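Fold and geometry: a report
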Amino acid sequence: MADTKREIERKYESYGGGLPDLTAVPGVGAVLDKGVAHLDATYYDTRDQRLAAASLTLRRRTGGSDAGWHLKFPVAPGVRDEIHAPLSDTLPDRLAALVRSRVRDRELLPVVRLRSERDVRHLVDADGRLLAEVSVDTVDAERLIGDGGTARWTEIEVELADDGDPAFLDKVDKRLRKAGVRPSTSASKLARALAETAPDPACTVRAADSVPAATAPAAAPGKKRKTRAAGEPVTAGDHVLAYVRAQRDALVELDPAVRQDVPDAVHRMRVATRRLRSTFRSFRNVLDREVTDPVGTDLKWLAGELGLDRDQEVLAARLKSALEDLPGPLVAGPVGDRLAAWSEARHSGAHGRLTGILDSRRYLSLLDTLDAVLAHPPLRAKAAARPDKPLAEAVRKDAAKLSALVARALDLPPGDDRDVALHEVRKKSKRTRYAAEAATPALGRPADGLVRSMKSLQGLLGDHQDSVMARRTLRELSAVAHAAGENTFTYGVLYAREERRAELAEAALPEAWSSIRKDVAL
């Protein structure tokens, strides 16, 4: 079993002066001496330090009050989520799963051992309530791989109490600075240990390197690559690859959140997957489709798997809300209980299947392939050109296809065929939006306006499609309820309301489309 807590702390350099008097910090009623703890922690990473490069720390620690395995994810400067698992000889499976998107098939090895003597103080208020824990840590670091050495230093760590006010740390900071204590230049003990025990400074991985450096695309055959400021996209290829890189990073970073069933994580991961696939399809004038089409096939598969859980989540929330909006007299039978049981059973099964997908060879190979595309991008000749023409050309092409689909859908009479056609319009509007997003840094306001228009269109058509799916589910639940001898009146009421919502969405579409056509022209 693993527990998660939010850790908010600040680190400071200590040059032998010890801990200054903190009783003068506003709000502090007393400083309590909690004694000295002896900690022994072994940090694990891959040989090429993939976890450290993402500012993740994985350790096994003995001593102190929280001996066990700890996995820390960065949230913001000085803020990390720490997942704790009981002490064991081997890495718990759950923690191994949470770093799999980073580690993949690499072996996790002991890379650094830190032995610390921790002198602990508790800052409490007048009522004895804990405000923060302050410690002076004397650390002995030893690199366990390569030809690295050892290091020794002393630091001060101030950790906010659970549910404490982060503003209190500012008060402590002000007192420490007044006493001549300065913030640490390292974000963590591990980062400092890796830096100070490295055999070669060039091998050092800094905690700041949490996002892989941008890979500059090579010039297309026969084209001389333009110079640029570090990290600034210049060519069409630069812009497309920057967007691809951002979505690849999102997939990797969201993987642990999806495994932990964090709200909205599945949706965001699915969006990143769709953005990647749309980018490969929209910008075939920049990236060679012989390389990207097979990647797109795997992305479509992943989006479909993610959709099983996400679609269920959205549908359950919609039906629950619709039932709650009904007047009491219109609710007959155990409709709420049946909806809740259906939702829980579907979600549990979908999430279990999804975690299996994230452990699959196909998914992990997809991540490796995306890395390879970024490291050695399959650029076409237009990739080396100025971005305005190639990117605008790709976006206009998507927009033209969208216009044709809208015209076709509006010509169809209400019914199943029109529902399917409107769903295709919705999917194409997403692709057009993602293409415009990728192009916005280069094209500016026109592309940004198109993004906003596509979001509006998606919202309208999304409500229509959700109504289609809700009505299908209500028919199924009604049939089950009828077979169980339950009153099915309420299912009919909900169905009629969903049918009306769809009619309103369809009626609003012509006017909505007319108002955004100028943006589609780009």
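**Regarding the overall build of the protein**
Regarding its fold elements, the protein presents 14 helices and 8 strands. Projecting the C-alpha coordinates of the protein onto the three principal axes gives extents of approximately 80 × 70 × 45 Å. Across the 522 residues in the protein, those meeting the buried criterion constitute 48%. A separation threshold of at least 6 residues defines the contact pool for the protein, and within that pool the share at least 24 residues apart is 72%. Summing over all exposed atoms, the protein offers an accessible surface of approximately 24900 Å²; the carbon and sulfur share of this is 51%. Averaging the positions of the 84 positive and the 78 negative side-chain charges in the protein gives two centres separated by 6 Å.

**A few points about the packing of helix H8 (residues 289-324) against helix H10 (residues 361-375)**
Their axes nearest at 10 Å, the elements H8 and H10 cross at an angle of 140 degrees. Judged by the sense of rotation from one axis to the other, the crossing of H8 with H10 is left-handed. In this structure, H8 uses Val291, Val295, Thr297, Asp298, Leu299, Trp301 and Leu302 to contact H10, whose residues at the interface are Arg362, Tyr363, Leu366, Thr369, Leu370 and Val373.

**Considerations on H8**
Every α-helical turn comprises 3.6 residues, leaving residues that sit three or four positions apart pointing alike. Under the 1.5 Å per step criterion, the end-to-end length of H8 is 49 Å for 36 residues, consistent within 8% with the ideal 52 Å. Along H8, the helix axis deviates most sharply at Gly307, where the bend reaches about 35 degrees. Sitting at the head of H8, Asp288 places a side-chain oxygen 3.0 Å from the backbone nitrogen of Glu290.

**Description of the sheet that holds strand E7 (residues 130-143)**
The sheet built from 8 strands closes into a barrel, its strands ordered E1-E5-E4-E3-E2-E6-E7-E8 with antiparallel pairing. Each strand of the sheet is rotated relative to its neighbour by a mean of 35 degrees, with strand direction disregarded. Inspection of the sheet shows strand E2 (residues 30-45) paired to strand E6 (residues 109-124) by 15 bridges, in the antiparallel sense. Paired with Thr42 across the bridge in E6 is Arg113. Where helix H5 (residues 189-197) meets the sheet, it contacts strand E1 (3-13), E2, strand E3 (57-62), E6, E7 and strand E8 (150-160), and its direction lies at approximately 165 degrees from that of E8.

**Some points on a positive patch on the surface**
A contiguous patch of positive charge, built from Arg281, Lys300, Lys397 and Lys401, is present on the exposed surface. Tracing the backbone through its elements, the reader meets Lys397 in helix H11 (residues 388-411). Relative accessible area serves as the criterion here: at 55%, Lys397 is assigned to the exposed category.

**Re the packing of helix H13 (residues 445-483) against helix H14 (residues 489-520)**
A pair of packed helices is captured by two measures, namely the crossing angle of their axes and the spacing between those axes. For the pair H13 and H14, the least separation of the axes is 9 Å and the interaxial angle reads 165 degrees. Here H13 is positioned roughly antiparallel relative to H14, judged by the angle of their axes. The interaxial crossing formed by H13 with H14 has left-handed handedness. The residue makeup of the contact of H13 with H14, split by class, is 20 nonpolar, 5 polar and 8 charged.

**Quick word on the side chain of Glu155**
Residue placement: Glu155 occurs in strand E8. On the accessibility criterion, Glu155 (1% relative accessible area) is buried. In terms of polar contacts, Glu155 uses its side chain to reach the side chain of Lys11, at 3.5 Å. Of the polar contacts made by the side chain of Glu155, one reaches the side chain of Trp153; its length is 3.0 Å. The contact partners of Glu155, leaving out residues within four places of it in the chain, are Lys11, Tyr12, Ser14, Ser135, Val136, Asp137, Lys189 and Arg192.

**Observations concerning the confidence of the model for the protein**
Per-residue pLDDT for the protein has a mean of 90; in total, 93% of the residues score no lower than 70. When the criterion is pLDDT under 50, residues 203-227 qualifies, and its contacts beyond four places in sequence or with other chains add up to 53 contacts.

**Considerations on the layout of surface pockets**
The calculated volume of the largest pocket comes to roughly 1300 Å³. Secondary structure elements with two or more residues in the lining of the largest pocket: helix H7 (265-282), H8, helix H12 (416-443) and H13. Here the lining of the largest pocket gets 12 residues from one element, more than from any other, and that element is H8. A breakdown of the residues in the lining of the largest pocket according to their chemical character gives 9 nonpolar, 11 polar and 21 charged.

Rules used in this analysis
Residues numbered from 1 in each chain as written. Predicted model: local features only at pLDDT ≥ 70, side-chain atom pairs only at ≥ 80, totals over all residues. Heavy atoms only, no water. Helix = DSSP H or I, 4+ residues; strand = E, 2+ residues; numbered from the N terminus. Buried < 20%, exposed > 50% of the residue type's maximum accessible area, 1.4 Å probe, protein only. Contact = heavy atoms within 4.5 Å. Areas by Shrake-Rupley, 256 points an atom, 1.4 Å probe, with all protein chains shown as cover. Lys, Arg positive; Asp, Glu negative; His and termini not counted. Charge placed at Lys NZ, Arg CZ, Asp CG, Glu CD. Axes fitted to C-alpha atoms, helices over the stretch in contact; angles between N-to-C directions. Left-handed = near helix turned anticlockwise from the far one by under 90°. Expected span 1.5 Å × (residues − 1). Bend = angle between axes of the 7 residues up to and from the residue. Polar contact = N/O pair within 3.5 Å; in protein donor to acceptor, adjacent residues only side chain to side chain. Pairing = 2+ DSSP bridges. Patch = residues over 30% accessible without salt bridge, like charges linked within 9 Å, V, L, I, M, F, W, Y side chains within 5 Å. Salt bridge = Lys/Arg side-chain N within 4 Å of Asp/Glu carboxyl O. Parallel < 35°, antiparallel > 145°, perpendicular 65-115°, else oblique. Nonpolar A, V, L, I, M, F, W, Y, C, P; charged D, E, K, R; others polar. pLDDT = per-residue confidence, 0-100. 1 Å grid on protein atoms, 1.4 Å probe; cavity = no way out; pocket = protein on both sides within 12 Å on 5 of 7 lines; lining within 4 Å. Points joined across faces, edges and corners; volume = space filled by probe spheres on them.

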